[in-house]
Amino acid sequence: MNTATIVGRAGQDAEIKYFESGKVKTTFSLAVNRWDSKTKTEVPDWFNIEVWDKQAEFAGEYVKKGRQVAVDGRISISKWTDQTGEERERFLVVANQIRLLGSRRDVEEG
């Protein structure tokens, strides 16, 4: 079963894109803190998030840099050929639900 739930802080304001087909896609990055036992500190793991349709419109309006967000979705691999002809890939979370956490003040102070 391919499911992922992550909670973290948005690395930038969400970017929304509208397609001629009527589809809507929003993307943003999410920093999720992980405890590093060697350094005895929290370190961020960065996740690329992609969300479509009504949830994309919601995320595009409300996901702002620093905002704490919970994402439910699935892990996907995006593959492409770069400008030099090299095959590239990256993992991302395709969200089916976005939940805003914390308060509005968290964003203003972030």
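Overview of the structure. Starting from 1, residues in each chain are numbered consecutively following that chain's sequence as written. It should be noted that, the model being predicted, local features are given only for residues of pLDDT at least 70 and side-chain atom pairs only at 80 or more, the latter also being counted only at that level, while totals for whole chains, interfaces and linings use all residues. For side-chain calculations, the full set of non-hydrogen atoms in the structure is used, while hydrogens and water are omitted.

## Overview of the pairing of strand S6 (residues 87-100)
The criterion for strand pairing is that DSSP finds at least two bridges linking the strands in question. By definition, any uninterrupted DSSP run of H or I lasting at least four residues is a helix, any uninterrupted run of E lasting at least two residues is a strand, and each is numbered from the N terminus. Sheet analysis places strand S4 (residues 41-52) next to S6, joined by three bridges and oriented parallel. Bridge pairing in S6 links Glu50 to Val94. The turn linking strand S5 (residues 68-81) back onto S6 is made up of five residues, and Gly85 within it adopts a positive phi angle of 90°.

## Things to note about a nonpolar patch on the surface
Side chains of Ile75, Ile77 and Phe91 sit close together on the surface and give an oily, nonpolar patch of about 290 Å² of accessible area. Along the polypeptide, Phe91 turns up in strand S6. Each patch groups residues whose relative accessible area exceeds 30% and which form no salt bridge, using 9 Å between like charges and 5 Å between nonpolar side chains of Val, Leu, Ile, Met, Phe, Trp and Tyr. Shrake-Rupley sampling with a 1.4 Å probe provides the accessible areas, and residues are treated as covered by the protein chains on show and by no other component. Note on definitions: salt bridges are taken to be side-chain nitrogens of Lys or Arg within 4 Å of carboxyl oxygens of Asp or Glu.

## Describing helix H1 (residues 53-62)
Burial classification: accessible surface area is computed with a 1.4 Å probe over protein chains only, and a residue below 20% of its type maximum counts as buried, one above 50% as exposed, and the rest as partly exposed. Every buried residue of H1 is accounted for by Ala56, Ala59 and Gly60. Buried residues of H1 fall within an arc of 100° about the axis and therefore sit on the same side. Note on definitions: a residue-residue contact is assigned when non-hydrogen atoms from the two residues lie within 4.5 Å. For H1, the elements touching its buried residues are strand S2 (15-18), strand S3 (24-36), S4 and S6. Of all possible arcs, the one meant is that of the directions from the helix axis to the C-beta atoms.

## Here we look at the pattern of salt bridges
Side-chain pairs of opposite charge can arise whenever the charged atoms involved come near each other. On inspection of all chains with the given rule, the structure shows three salt bridges. For Lys23, the salt bridge goes to Asp53, with nearest N and O atoms at 3.5 Å. Of this pair, Lys23 sits in the loop between S2 and S3 while Asp53 sits in helix H1, placing them 30 residues apart in sequence. The salt bridge involving Arg99 is made with Asp72; its shortest N-O contact spans 2.8 Å. One end of the pair, Arg99, is in strand S6; the other, Asp72, is in strand S5, with 27 residues separating them in the sequence. Exposure remark for Arg99: the relative accessible area of 34% places this residue in the partly exposed category. Exposure remark for Asp72: the relative accessible area of 15% places this residue in the buried category.

Geometric descriptors of this kind do not, in isolation, establish any biological role.
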